[in-house]
Amino acid sequence: MALSDLNIVERNEPGIAAVLGILKQRFGERFQTGQAIREQHAHTTTYIPNQAPDGVVFPDSAAEVQEVVRACAAYRVPVIAFGAGTSLEGAVNAPGGGISVDTSRMNRIIEVNPQDLDCIVEPGVTRHQLNDYLRDTGLFFPIDPGANATLGGMASTRASGTNAVRYGTMRENVLSLEAVVANGSIVHTGKRARKSSAGYDLTRLFVGAEGTLGIITSLTLKLAGIPQAISGGVCPFPTLEQASEAVIATIQMGIPVARIELVNALQMRAFKNYSKLDYPESPCLFVEFHGSDASVAEQAESFGEIAAEFGGGPFIWTSVAEERAKLWKARHDAYWATLTLRPGARGLSTDVCVPISRLAECIAETEGDIAELGLIAPIVGHAGDGNFHTMILMDTNDPKEIELAEEFCARLNARAQRMDGTCTGEHGIGQGKIGFIEGELGSKGVDLMRSIKTALDPDNIFNPGKIWPQRRS
(Lines give C-alpha, C1' and ligand atoms only; values in the text may rest on other atoms or scores of the structure.)
Protein backbone atom coordinates (compact mmCIF):
# COMPACT_ATOMS: atom_id res chain seq x y z
CA MET A 1 0.00 0.00 0.00
CA ALA A 2 1.54 3.29 -1.08
CA LEU A 3 2.02 6.09 1.45
CA SER A 4 -0.35 8.31 -0.54
CA ASP A 5 -3.13 5.72 -0.16
CA LEU A 6 -2.80 5.64 3.63
CA ASN A 7 -2.94 9.38 4.33
CA ILE A 8 -6.08 10.46 2.48
CA VAL A 9 -7.90 13.32 4.23
CA GLU A 10 -10.71 15.00 2.33
CA ARG A 11 -10.43 18.78 2.00
CA ASN A 12 -13.30 20.82 3.39
CA GLU A 13 -13.07 23.80 1.04
CA PRO A 14 -16.06 25.83 2.34
CA GLY A 15 -15.00 25.29 5.95
CA ILE A 16 -11.38 26.23 5.25
CA ALA A 17 -12.45 29.41 3.47
CA ALA A 18 -14.64 30.40 6.43
CA VAL A 19 -11.91 29.75 9.01
CA LEU A 20 -9.30 31.66 6.99
CA GLY A 21 -11.55 34.72 7.12
CA ILE A 22 -12.25 34.36 10.85
CA LEU A 23 -8.61 33.93 11.84
CA LYS A 24 -7.37 36.75 9.60
CA GLN A 25 -9.83 39.14 11.20
CA ARG A 26 -9.00 37.96 14.73
CA PHE A 27 -5.19 37.63 14.55
CA GLY A 28 -4.17 40.09 11.83
CA GLU A 29 -0.44 39.83 11.12
CA ARG A 30 -0.20 36.83 13.45
CA PHE A 31 -2.08 34.84 10.83
CA GLN A 32 -0.17 34.14 7.63
CA THR A 33 -1.20 32.50 4.35
CA GLY A 34 1.88 33.05 2.18
CA GLN A 35 3.14 30.04 0.28
CA ALA A 36 6.65 30.06 1.75
CA ILE A 37 5.57 30.20 5.39
CA ARG A 38 2.92 27.54 4.82
CA GLU A 39 5.52 25.20 3.30
CA GLN A 40 7.86 25.89 6.21
CA HIS A 41 5.12 24.60 8.50
CA ALA A 42 4.73 21.30 6.69
CA HIS A 43 7.14 18.42 6.39
CA THR A 44 10.60 19.54 5.22
CA THR A 45 12.85 16.79 6.64
CA THR A 46 13.64 13.54 4.77
CA TYR A 47 11.83 12.58 1.58
CA ILE A 48 8.14 12.65 2.58
CA PRO A 49 6.39 15.18 0.30
CA ASN A 50 5.50 18.59 1.71
CA GLN A 51 1.74 19.00 2.35
CA ALA A 52 1.25 22.61 3.41
CA PRO A 53 -1.57 23.92 5.61
CA ASP A 54 -3.83 26.70 4.32
CA GLY A 55 -2.80 29.15 7.04
CA VAL A 56 -0.43 29.52 10.00
CA VAL A 57 -1.49 31.18 13.24
CA PHE A 58 0.83 32.33 16.04
CA PRO A 59 -1.11 32.34 19.33
CA ASP A 60 0.27 33.99 22.48
CA SER A 61 -1.67 32.04 25.08
CA ALA A 62 -3.82 29.02 25.86
CA ALA A 63 -6.87 31.25 25.55
CA GLU A 64 -5.92 32.10 21.97
CA VAL A 65 -5.36 28.43 21.17
CA GLN A 66 -8.90 27.86 22.43
CA GLU A 67 -10.19 30.47 19.98
CA VAL A 68 -8.43 28.79 17.07
CA VAL A 69 -9.66 25.32 18.01
CA ARG A 70 -13.25 26.54 18.46
CA ALA A 71 -13.23 28.16 15.02
CA CYS A 72 -11.80 25.04 13.40
CA ALA A 73 -14.21 22.77 15.27
CA ALA A 74 -17.21 24.85 14.21
CA TYR A 75 -16.33 24.34 10.53
CA ARG A 76 -14.67 20.90 10.84
CA VAL A 77 -11.31 22.16 9.64
CA PRO A 78 -8.03 20.34 10.47
CA VAL A 79 -5.77 21.94 13.05
CA ILE A 80 -2.12 20.84 13.34
CA ALA A 81 0.14 21.81 16.25
CA PHE A 82 3.64 22.96 15.23
CA GLY A 83 6.70 23.28 17.44
CA ALA A 84 10.09 23.48 15.72
CA GLY A 85 9.28 21.22 12.76
CA THR A 86 12.02 18.66 13.50
CA SER A 87 9.74 15.63 13.21
CA LEU A 88 11.10 12.96 10.87
CA GLU A 89 7.90 11.11 9.94
CA GLY A 90 5.66 13.79 8.44
CA ALA A 91 3.84 14.50 11.71
CA VAL A 92 3.30 18.19 10.86
CA ASN A 93 2.07 17.70 7.30
CA ALA A 94 -1.47 18.82 6.45
CA PRO A 95 -2.82 16.18 4.01
CA GLY A 96 -6.29 17.73 4.13
CA GLY A 97 -5.14 21.33 4.49
CA GLY A 98 -6.26 23.33 7.49
CA ILE A 99 -4.55 25.50 10.08
CA SER A 100 -1.06 25.13 11.55
CA VAL A 101 -0.85 26.39 15.14
CA ASP A 102 2.73 27.60 15.63
CA THR A 103 3.50 27.64 19.38
CA SER A 104 6.78 29.58 19.12
CA ARG A 105 5.32 32.66 20.84
CA MET A 106 4.15 30.51 23.75
CA ASN A 107 7.68 30.26 25.08
CA ARG A 108 7.39 31.32 28.72
CA ILE A 109 8.96 29.41 31.60
CA ILE A 110 6.10 29.76 34.05
CA GLU A 111 7.53 28.30 37.24
CA VAL A 112 10.64 26.51 38.52
CA ASN A 113 10.52 24.60 41.80
CA PRO A 114 14.16 23.75 42.67
CA GLN A 115 13.32 21.92 45.89
CA ASP A 116 10.91 19.64 44.05
CA LEU A 117 13.09 19.30 40.93
CA ASP A 118 10.32 20.31 38.54
CA CYS A 119 9.17 23.18 36.38
CA ILE A 120 6.14 24.36 34.38
CA VAL A 121 6.67 25.63 30.84
CA GLU A 122 4.67 26.60 27.77
CA PRO A 123 4.93 24.29 24.74
CA GLY A 124 7.08 26.61 22.62
CA VAL A 125 9.98 26.59 25.08
CA THR A 126 12.92 24.73 23.54
CA ARG A 127 15.14 22.40 25.50
CA HIS A 128 18.16 24.71 25.01
CA GLN A 129 16.13 27.67 26.26
CA LEU A 130 15.05 25.78 29.37
CA ASN A 131 18.53 24.54 30.20
CA ASP A 132 20.03 28.01 29.72
CA TYR A 133 17.42 29.36 32.14
CA LEU A 134 18.13 26.60 34.69
CA ARG A 135 21.91 26.88 34.61
CA ASP A 136 22.24 28.89 37.85
CA THR A 137 19.87 26.58 39.75
CA GLY A 138 22.12 23.51 39.52
CA LEU A 139 19.39 21.68 37.62
CA PHE A 140 18.85 20.64 34.01
CA PHE A 141 16.28 18.97 31.81
CA PRO A 142 18.00 15.79 30.60
CA ILE A 143 16.00 14.68 27.56
CA ASP A 144 18.21 15.32 24.54
CA PRO A 145 16.89 14.31 21.10
CA GLY A 146 19.69 16.21 19.36
CA ALA A 147 17.67 18.88 17.61
CA ASN A 148 16.72 21.99 19.60
CA ALA A 149 13.11 20.86 19.61
CA THR A 150 10.27 22.48 21.52
CA LEU A 151 9.14 20.73 24.68
CA GLY A 152 5.57 20.57 23.42
CA GLY A 153 6.74 18.81 20.29
CA MET A 154 8.99 16.49 22.28
CA ALA A 155 6.05 15.49 24.46
CA SER A 156 3.78 15.01 21.46
CA THR A 157 6.21 12.58 19.80
CA ARG A 158 7.34 10.96 23.08
CA ALA A 159 10.90 11.95 22.24
CA SER A 160 14.00 10.64 23.97
CA GLY A 161 17.59 10.72 22.68
CA THR A 162 21.13 10.23 23.89
CA ASN A 163 20.43 10.46 27.66
CA ALA A 164 17.48 8.08 27.70
CA VAL A 165 19.45 5.11 29.04
CA ARG A 166 19.93 6.96 32.36
CA TYR A 167 17.15 9.55 32.53
CA GLY A 168 14.33 7.95 30.54
CA THR A 169 12.18 9.48 27.80
CA MET A 170 9.52 12.18 27.71
CA ARG A 171 7.10 9.50 28.93
CA GLU A 172 8.92 9.37 32.28
CA ASN A 173 9.69 13.09 32.53
CA VAL A 174 6.31 14.76 31.92
CA LEU A 175 4.52 14.89 35.26
CA SER A 176 1.37 16.47 33.88
CA LEU A 177 0.17 18.80 31.18
CA GLU A 178 -2.68 21.03 30.06
CA ALA A 179 -4.22 20.78 26.60
CA VAL A 180 -7.00 22.30 24.54
CA VAL A 181 -9.36 19.57 23.33
CA ALA A 182 -11.91 19.46 20.52
CA ASN A 183 -14.74 21.29 22.28
CA GLY A 184 -12.38 24.19 23.00
CA SER A 185 -12.04 23.51 26.71
CA ILE A 186 -8.77 23.16 28.62
CA VAL A 187 -8.01 19.81 30.26
CA HIS A 188 -5.51 19.41 33.13
CA THR A 189 -4.12 15.89 33.35
CA GLY A 190 -2.63 16.01 36.85
CA LYS A 191 -0.65 17.85 39.51
CA ARG A 192 3.04 18.14 40.39
CA ALA A 193 3.12 15.06 42.62
CA ARG A 194 5.64 12.42 41.54
CA LYS A 195 3.06 9.66 41.61
CA SER A 196 -0.71 9.31 41.59
CA SER A 197 -3.35 6.56 41.63
CA ALA A 198 -6.14 8.97 40.68
CA GLY A 199 -7.94 7.46 37.72
CA TYR A 200 -6.75 7.05 34.14
CA ASP A 201 -3.25 8.23 33.23
CA LEU A 202 -4.35 11.10 31.00
CA THR A 203 -0.85 12.58 30.87
CA ARG A 204 0.58 9.60 29.04
CA LEU A 205 -2.43 9.48 26.78
CA PHE A 206 -1.37 12.86 25.36
CA VAL A 207 2.39 12.16 25.51
CA GLY A 208 3.08 10.46 22.19
CA ALA A 209 -0.34 11.22 20.65
CA GLU A 210 1.35 13.39 17.98
CA GLY A 211 -1.23 16.14 18.36
CA THR A 212 -4.14 13.89 17.37
CA LEU A 213 -6.07 14.38 20.65
CA GLY A 214 -5.55 18.07 21.36
CA ILE A 215 -2.98 20.86 21.53
CA ILE A 216 -0.66 20.97 24.54
CA THR A 217 -0.56 24.44 26.13
CA SER A 218 1.70 23.79 29.15
CA LEU A 219 3.81 21.01 30.63
CA THR A 220 5.03 20.14 34.12
CA LEU A 221 8.44 18.50 33.75
CA LYS A 222 10.85 16.63 35.99
CA LEU A 223 14.32 18.11 36.35
CA ALA A 224 17.61 16.51 37.37
CA GLY A 225 20.64 17.77 39.25
CA ILE A 226 23.64 18.76 37.13
CA PRO A 227 26.27 16.09 37.86
CA GLN A 228 29.35 17.05 39.85
CA ALA A 229 31.54 15.41 37.23
CA ILE A 230 31.08 14.15 33.67
CA SER A 231 33.49 12.01 31.70
CA GLY A 232 33.19 10.59 28.23
CA GLY A 233 35.01 9.34 25.21
CA VAL A 234 35.16 7.10 22.17
CA CYS A 235 35.98 3.40 21.93
CA PRO A 236 36.59 1.72 18.54
CA PHE A 237 35.72 -1.93 17.77
CA PRO A 238 36.63 -4.30 14.95
CA THR A 239 32.98 -5.01 14.12
CA LEU A 240 29.59 -3.53 14.83
CA GLU A 241 28.48 -6.81 16.37
CA GLN A 242 31.32 -6.71 18.92
CA ALA A 243 30.40 -3.11 19.78
CA SER A 244 26.77 -4.17 20.25
CA GLU A 245 27.80 -7.05 22.53
CA ALA A 246 29.85 -4.61 24.63
CA VAL A 247 26.77 -2.41 25.03
CA ILE A 248 24.70 -5.38 26.22
CA ALA A 249 27.38 -6.40 28.73
CA THR A 250 27.73 -2.83 30.02
CA ILE A 251 24.02 -2.55 30.74
CA GLN A 252 23.78 -6.03 32.22
CA MET A 253 26.72 -5.30 34.54
CA GLY A 254 24.74 -2.38 35.97
CA ILE A 255 27.25 0.33 35.06
CA PRO A 256 25.19 3.56 35.32
CA VAL A 257 26.16 4.89 31.91
CA ALA A 258 24.47 8.18 30.98
CA ARG A 259 24.94 7.88 27.22
CA ILE A 260 26.18 5.00 25.09
CA GLU A 261 25.89 5.70 21.38
CA LEU A 262 26.73 3.25 18.62
CA VAL A 263 28.03 4.27 15.18
CA ASN A 264 29.22 2.09 12.33
CA ALA A 265 32.30 2.69 10.17
CA LEU A 266 30.36 4.55 7.48
CA GLN A 267 28.86 6.92 10.05
CA MET A 268 32.34 7.58 11.46
CA ARG A 269 33.48 8.48 7.94
CA ALA A 270 30.61 10.98 7.78
CA PHE A 271 31.62 12.46 11.16
CA LYS A 272 35.19 12.85 9.95
CA ASN A 273 33.94 14.56 6.78
CA TYR A 274 31.57 16.97 8.50
CA SER A 275 32.79 17.47 12.07
CA LYS A 276 36.50 16.76 11.52
CA LEU A 277 36.69 14.15 14.29
CA ASP A 278 40.06 12.47 14.62
CA TYR A 279 39.01 8.91 15.45
CA PRO A 280 39.40 5.58 13.62
CA GLU A 281 37.04 4.98 10.72
CA SER A 282 35.60 1.88 12.35
CA PRO A 283 32.56 0.96 14.46
CA CYS A 284 32.71 2.98 17.68
CA LEU A 285 30.85 3.59 20.91
CA PHE A 286 30.48 7.15 22.19
CA VAL A 287 30.14 6.88 25.99
CA GLU A 288 29.46 9.33 28.82
CA PHE A 289 29.27 8.90 32.61
CA HIS A 290 27.71 11.24 35.20
CA GLY A 291 28.49 11.33 38.94
CA SER A 292 31.32 12.31 41.26
CA ASP A 293 34.96 12.61 40.23
CA ALA A 294 35.69 9.21 41.69
CA SER A 295 32.61 7.45 40.32
CA VAL A 296 32.99 8.63 36.71
CA ALA A 297 36.63 7.52 36.72
CA GLU A 298 35.64 4.12 38.12
CA GLN A 299 32.83 3.74 35.57
CA ALA A 300 35.15 4.64 32.68
CA GLU A 301 37.71 2.09 33.87
CA SER A 302 35.05 -0.64 34.18
CA PHE A 303 33.70 0.12 30.71
CA GLY A 304 37.20 -0.01 29.23
CA GLU A 305 37.66 -3.49 30.69
CA ILE A 306 34.36 -4.68 29.21
CA ALA A 307 35.18 -3.19 25.83
CA ALA A 308 38.54 -4.99 25.81
CA GLU A 309 36.79 -8.32 26.42
CA PHE A 310 34.93 -7.79 23.13
CA GLY A 311 37.98 -6.71 21.16
CA GLY A 312 37.44 -2.99 21.61
CA GLY A 313 39.83 -0.24 22.51
CA PRO A 314 41.69 1.68 23.36
CA PHE A 315 38.96 3.60 25.21
CA ILE A 316 40.08 7.22 25.21
CA TRP A 317 38.09 9.32 27.68
CA THR A 318 38.24 12.81 29.12
CA SER A 319 36.59 15.03 31.70
CA VAL A 320 37.43 18.21 29.75
CA ALA A 321 34.12 19.88 28.87
CA GLU A 322 35.30 21.35 25.55
CA GLU A 323 36.49 17.99 24.24
CA ARG A 324 33.25 16.28 25.25
CA ALA A 325 31.19 19.08 23.69
CA LYS A 326 32.92 18.56 20.33
CA LEU A 327 32.19 14.85 20.46
CA TRP A 328 28.48 15.24 21.21
CA LYS A 329 28.10 18.11 18.76
CA ALA A 330 29.31 15.72 16.08
CA ARG A 331 26.84 13.07 17.24
CA HIS A 332 23.95 15.54 17.15
CA ASP A 333 24.97 16.63 13.64
CA ALA A 334 24.67 13.05 12.33
CA TYR A 335 21.86 13.97 9.91
CA TRP A 336 23.89 16.67 8.20
CA ALA A 337 27.09 14.62 8.35
CA THR A 338 25.38 11.71 6.59
CA LEU A 339 24.42 13.93 3.66
CA THR A 340 28.13 14.41 2.88
CA LEU A 341 28.35 10.75 1.90
CA ARG A 342 26.30 11.41 -1.24
CA PRO A 343 26.08 15.11 -2.11
CA GLY A 344 22.77 16.05 -3.68
CA ALA A 345 20.91 13.07 -2.26
CA ARG A 346 18.07 13.26 0.23
CA GLY A 347 17.72 11.09 3.30
CA LEU A 348 15.08 8.78 4.66
CA SER A 349 15.80 8.65 8.39
CA THR A 350 14.20 5.78 10.26
CA ASP A 351 14.52 4.11 13.66
CA VAL A 352 13.56 0.93 15.46
CA CYS A 353 14.00 -0.31 19.02
CA VAL A 354 14.41 -3.90 20.24
CA PRO A 355 15.05 -5.59 23.58
CA ILE A 356 18.71 -5.01 24.29
CA SER A 357 19.47 -8.74 24.17
CA ARG A 358 18.44 -8.72 20.47
CA LEU A 359 20.35 -5.56 19.52
CA ALA A 360 23.45 -7.22 18.05
CA GLU A 361 21.35 -9.69 16.04
CA CYS A 362 19.04 -6.97 14.72
CA ILE A 363 21.91 -4.73 13.65
CA ALA A 364 23.77 -7.60 11.97
CA GLU A 365 20.71 -8.53 9.89
CA THR A 366 20.14 -4.87 9.06
CA GLU A 367 23.70 -4.50 7.79
CA GLY A 368 23.05 -7.55 5.61
CA ASP A 369 20.01 -5.85 4.07
CA ILE A 370 21.98 -2.67 3.39
CA ALA A 371 24.64 -4.66 1.54
CA GLU A 372 22.12 -6.79 -0.37
CA LEU A 373 20.11 -3.79 -1.57
CA GLY A 374 23.20 -1.74 -2.43
CA LEU A 375 22.23 1.19 -0.21
CA ILE A 376 24.25 3.97 1.37
CA ALA A 377 22.77 3.87 4.88
CA PRO A 378 24.99 4.45 7.92
CA ILE A 379 23.87 3.20 11.34
CA VAL A 380 23.85 5.22 14.54
CA GLY A 381 21.94 4.51 17.69
CA HIS A 382 21.06 5.04 21.32
CA ALA A 383 22.34 1.56 21.92
CA GLY A 384 21.86 1.57 25.70
CA ASP A 385 18.12 1.12 25.28
CA GLY A 386 18.17 -0.95 22.10
CA ASN A 387 17.25 1.94 19.80
CA PHE A 388 19.14 2.55 16.55
CA HIS A 389 18.71 4.64 13.41
CA THR A 390 19.62 4.36 9.77
CA MET A 391 19.48 7.07 7.14
CA ILE A 392 19.12 5.89 3.55
CA LEU A 393 20.54 8.31 0.99
CA MET A 394 18.70 8.32 -2.31
CA ASP A 395 17.78 10.23 -5.43
CA THR A 396 14.14 11.11 -4.80
CA ASN A 397 13.61 11.57 -8.54
CA ASP A 398 14.42 7.90 -9.14
CA PRO A 399 11.40 5.67 -8.39
CA LYS A 400 13.65 2.60 -8.20
CA GLU A 401 15.74 4.13 -5.43
CA ILE A 402 12.63 5.11 -3.49
CA GLU A 403 11.30 1.59 -3.91
CA LEU A 404 14.54 0.08 -2.56
CA ALA A 405 14.58 2.46 0.41
CA GLU A 406 10.97 1.65 1.29
CA GLU A 407 11.64 -2.08 0.93
CA PHE A 408 14.56 -1.72 3.34
CA CYS A 409 12.40 0.14 5.86
CA ALA A 410 9.66 -2.47 5.62
CA ARG A 411 12.17 -5.24 6.29
CA LEU A 412 13.67 -3.29 9.20
CA ASN A 413 10.30 -2.56 10.83
CA ALA A 414 9.14 -6.16 10.44
CA ARG A 415 12.42 -7.45 11.87
CA ALA A 416 12.17 -5.24 14.95
CA GLN A 417 8.56 -6.28 15.56
CA ARG A 418 9.47 -9.95 15.06
CA MET A 419 12.12 -9.52 17.77
CA ASP A 420 9.43 -8.17 20.14
CA GLY A 421 10.52 -4.61 19.45
CA THR A 422 8.91 -1.57 17.89
CA CYS A 423 8.96 0.05 14.45
CA THR A 424 9.80 3.37 16.11
CA GLY A 425 11.66 4.02 19.33
CA GLU A 426 11.39 7.80 19.20
CA HIS A 427 10.50 9.20 15.76
CA GLY A 428 6.79 8.45 16.09
CA ILE A 429 4.41 7.04 13.48
CA GLY A 430 3.29 10.24 11.74
CA GLN A 431 2.79 9.43 8.08
CA GLY A 432 6.02 7.58 7.34
CA LYS A 433 5.34 4.53 9.52
CA ILE A 434 1.57 4.54 9.22
CA GLY A 435 1.57 1.21 7.40
CA PHE A 436 3.30 -0.61 10.27
CA ILE A 437 1.24 0.29 13.34
CA GLU A 438 -1.20 -2.61 12.93
CA GLY A 439 1.66 -5.08 12.64
CA GLU A 440 2.82 -3.92 16.06
CA LEU A 441 -0.41 -3.49 18.01
CA GLY A 442 -2.75 -5.72 16.02
CA SER A 443 -6.13 -4.67 14.64
CA LYS A 444 -7.70 -4.69 18.11
CA GLY A 445 -5.08 -2.32 19.47
CA VAL A 446 -5.47 0.07 16.55
CA ASP A 447 -9.27 -0.08 16.85
CA LEU A 448 -8.99 0.84 20.53
CA MET A 449 -6.86 3.86 19.64
CA ARG A 450 -9.38 4.87 17.00
CA SER A 451 -12.13 4.63 19.64
CA ILE A 452 -10.22 6.94 21.97
CA LYS A 453 -9.64 9.37 19.11
CA THR A 454 -13.33 9.35 18.20
CA ALA A 455 -14.37 9.93 21.81
CA LEU A 456 -12.05 12.94 22.25
CA ASP A 457 -12.13 14.30 18.70
CA PRO A 458 -15.39 13.16 17.05
CA ASP A 459 -14.94 15.34 13.95
CA ASN A 460 -11.29 14.31 13.47
CA ILE A 461 -9.94 17.86 13.38
CA PHE A 462 -6.68 17.28 15.27
CA ASN A 463 -3.83 16.30 12.94
CA PRO A 464 -5.84 13.92 10.75
CA GLY A 465 -4.08 11.41 8.53
CA LYS A 466 -1.51 10.41 11.13
CA ILE A 467 -0.72 7.24 13.13
CA TRP A 468 -3.20 4.88 11.42
CA PRO A 469 -4.51 4.56 7.85
CA GLN A 470 -7.45 6.69 6.76
CA ARG A 471 -8.58 5.38 3.40
CA ARG A 472 -11.15 6.92 1.11
CA SER A 473 -14.59 5.37 1.66
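Refer to the structure above for everything that follows.
Please read these numbers as outputs of a predicted model, since none were measured by experiment.

Cut-offs applied
Residues numbered from 1 in each chain as written. Predicted model: local features only at pLDDT ≥ 70, side-chain atom pairs only at ≥ 80, totals over all residues. Heavy atoms only, no water. Pairing = 2+ DSSP bridges. Helix = DSSP H or I, 4+ residues; strand = E, 2+ residues; numbered from the N terminus. Contact = heavy atoms within 4.5 Å. Axes fitted to C-alpha atoms, helices over the stretch in contact; angles between N-to-C directions. Salt bridge = Lys/Arg side-chain N within 4 Å of Asp/Glu carboxyl O. Buried < 20%, exposed > 50% of the residue type's maximum accessible area, 1.4 Å probe, protein only. Phe/Tyr/Trp six-rings, centres within 6.5 Å; stacked < 30°, edge-to-face > 60°. Lys NZ or Arg CZ within 6 Å of the ring centre and 35° of its normal. Polar contact = N/O pair within 3.5 Å; in protein donor to acceptor, adjacent residues only side chain to side chain. Expected span 1.5 Å × (residues − 1).

> I'd like a description of the sheet that holds strand 2 (residues 55-57), backed by residues and values.
Taken together, four strands build an open sheet; the order of strands is 1-2-4-3 and the sheet is mixed. In this open sheet, the two strands that pair with only one neighbour each are strand 1 (31-32) and strand 3 (79-82). Direction of pairing for strand 1 relative to strand 2: antiparallel, over a ladder of two bridges. Counted as the bridge partner of F31 is V57 from strand 2. The sheet strands contacting helix 4 (residues 62-75) are strand 2, strand 3 and strand 4 (99-102), and the helix crosses strand 4 at an angle near 170 degrees.

> Tell me about the pattern of salt bridges, and please be specific about residues and values.
Scanning the model with the defined rule gives 32 salt bridges in all. Residue D459 pairs with R76 through a salt bridge whose shortest N-O separation is 3.4 Å. Of the two residues, D459 is situated in the segment after helix 17 (437-456) and R76 in the loop between helix 4 and strand 3; the sequence distance between them amounts to 383 residues. For D118, the salt bridge identified is with R192, shortest N-O distance 2.9 Å. Taken together, the positions of D118 in strand 6 (residues 118-121) and R192 in the loop between strand 9 (186-188) and helix 9 (202-206) put the pair 74 residues apart, joining distant regions of the chain. Accessibility expressed as a relative area gives 1% for D118, which makes it buried. Assessed through its relative accessible area of 30%, R192 is described here as partly exposed. What emerges from the salt-bridge pattern is a single network uniting E365, D369, E372, E407, R411, R415 and R418.

> Can you explain the environment of V263? Please cite residues and give values.
Summarising the element assignment, V263 is placed in strand 13 (residues 257-263). Sequence separation between V263 and S218 is 45 residues; the distance between their C-alpha atoms is 36 Å. The contact partners of V263, leaving out residues within four places of it in the chain, are L240, M268, F271, S282, P283, C284, F286, I379 and V380.

> Now, about the packing of aromatic side chains: what can you tell me, with residues and values included?
One pass over the structure, following the stated rule, counts six aromatic pairs. Geometrically, the ring pair formed by F303 and F315 is edge-to-face, given 4.9 Å between the ring centres and 75 degrees between the ring planes. Pair noted here: F303 is in helix 12 (residues 293-309) and F315 is in the loop between helix 12 and strand 15 (316-318), with a separation of 12 residues, a long-range link. By relative accessible area, which is 14% here, F315 ends up buried. One aromatic cluster in this structure is built from F271, F286 and W328. It is R26 that lies over the ring of F27; its NZ or CZ is 4.6 Å from the centre. The ring of W328 carries R259 above its face, with NZ or CZ at 4.5 Å from the centroid.

> Quick rundown of the side chain of N113? Include the residues and the values.
Along the chain, N113 turns up in strand 5 (residues 109-113). Only 3.0 Å separates the side chain of N113 from the side chain of E111, close enough to count as a polar contact. Look past the residues within four positions of N113 in its chain and what remains in contact with it is D118 and R192.

> Kindly report on helix 10 (residues 240-252), identifying the contributing residues and their values.
For helix 10, which comprises 13 residues, the first-to-last C-alpha distance of 19 Å matches the rise-based estimate of 18 Å (1.5 Å per residue) to within 8%. Taken together, the buried positions of helix 10 are L240, A243, S244, A246, V247, I248, A249 and T250. Buried residues along helix 10 sit against strand 13, strand 14 (284-291), helix 12, helix 15 (359-373) and strand 17 (379-382). Trailing helix 10 by a residue or two, G254 shows a phi angle of about 80 degrees, which is positive.

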